[in-house]
Structures are given as structure tokens and as C-alpha cells.
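Chain by chain, the residues run as shown.
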Amino acid sequence: MRFMEAIAKRILDLMKERHIKKTKFCKDIKISISHFNTIISGKNKDIRSNVLYRIIKGLGLKQSEFFDSDMFEDKNLID
């Protein structure tokens with residue numbers, strides 16, 4: 001899995017786990033739904049650090065907690 005795909009999957013998994021609705025989440029973190037959709041669709045090849053920071057904070061996590069997943073291990077990522 002590519003790094004951006006892993007980020008998208010992690011976001012979606014955490015939102016599902018926490019029963020977070022996309023519309024409210026985007027409003028709370030001040031990101032347009034269309035921009036958020038490009039991130040979670042995997043079509044976005046890059047994400048700005050401040051946007052990722054707001055997403056992680058909006059999920060109620062620290063950065064280290066967000067990336068504490070097997071999907072971010074080198075063996076599971078491709079270039």
C-alpha cells in the first residue's frame with residue numbers, strides 16, 4: 001500500500017471506529033468536504049502537514065498514536 005493510501009485508510013478506519021460523520025468532522029476541523037474526499041479517496045498524492053495535523057487532532061489523537069499502526073511499517077508500504 002502506498003503511504004497516502006495508508007493515511008486515507010487509517011482516517012476512515014478511525015472515523016468508523018469512533019462513529020464520526022464526515023460532514024460534521026469536516027466542519028469541526030475546517031476542511032471542505034471536497035478536499036477531505038480527495039484525501040480519503042487516495043487520489044491525493046500529497047497532504048499538507050497542517051491539514052493532516054487538523055485531521056489527527058480532530059480524531060482526538062496525537063501524531064504518534066495515529067501512525068502507531070502496522071499499515072505504516074516499512075514492510076507494508078510501497079514506493
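A brief look at the structure comes next.

The rules behind these values
- Position numbers for residues count from 1 along each chain, tracking the sequence in the order it is written.
- Local features are withheld for residues below a pLDDT of 70 in this predicted model, meaning they are given only at 70 or higher, and side-chain atom pairs are given and counted only at 80 or more; totals for whole chains, interfaces and linings count all residues.
- Only hydrogens and water are set aside; all other atoms, that is, all heavy atoms of the structure, feed into the side-chain values.
- By convention, a stacked pair of Phe, Tyr or Trp rings (six-membered ring in the case of Trp) has centres within 6.5 Å and planes under 30 degrees apart, an edge-to-face pair has planes over 60 apart, and any other such pair is tilted.
- In DSSP terms, a helix is any run of H or I states spanning at least four residues, a strand is any run of E spanning at least two, and both are numbered starting from the N terminus.
- Only protein chains enter the accessibility calculation, which uses a 1.4 Å probe; a residue whose area is less than 20% of its type maximum is buried, one above 50% is exposed, and one in between is partly exposed.
- The criterion for a charge sitting over a ring is simple: Lys NZ or Arg CZ within 6 Å of the ring centre, and within 35 degrees of the ring normal.
- Here, nonpolar core means buried Ala, Val, Leu, Ile, Met, Phe, Trp, Tyr and Cys residues that are tied together by side-chain atoms lying within 4.5 Å of each other.
- Whether two residues are in contact is decided by their heavy atoms: any pair within 4.5 Å suffices.

## Describing the packing of aromatic side chains
Summed over the entire model, instances satisfying the criterion amount to six aromatic pairs. With centroids separated by 6.2 Å and ring planes inclined at 5 degrees, the aromatic side chains of Phe-3 and Phe-67 adopt a geometry described as stacked. Within this pair, whereas Phe-3 is found in helix α1 (residues 3-17), its partner Phe-67 is found in the segment after α5 (63-66), the two being separated by 64 residues in sequence. Pairing Phe-66 with Phe-67 gives two aromatic rings, centres 5.0 Å apart and planes at 85 degrees, and the pair type is edge-to-face. For Phe-66, a relative accessible area of 0% translates into the label buried. Judged by relative accessible area, which is 30%, Phe-67 ranks as partly exposed. Above the ring of Phe-66, the side-chain terminus of Arg-10 is found at 5.8 Å from the ring centroid.

## Quick notes on the nonpolar core
Residues Ile-7, Ile-11, Phe-36, Ile-47, Ile-55, Leu-59 and Phe-66 are the most contacted members of the largest nonpolar core, which totals 23 residues. When contributions to this core are tallied by element, the ones reaching two or more residues are α1, α2 (22-29), α3 (33-40) and α4 (49-58). Ranked by residue count, the leading element in this core is α1, at six residues. Residue contacts for Phe-36: discarding those within four places in its chain leaves Ile-11, Met-15, Lys-22, Phe-25, Cys-26, Ile-31 and Ile-55.

## Here's the deal with unusual backbone geometry
The phi dihedral of His-19 falls on the positive side, at around 55 degrees, and the residue is not glycine. Relative to the elements of secondary structure, His-19 occurs in the loop between α1 and α2. Non-glycine residue Lys-30 carries a positive phi angle of around 60 degrees. Inspection of the secondary structure assignment puts Lys-30 in the loop between α2 and α3.

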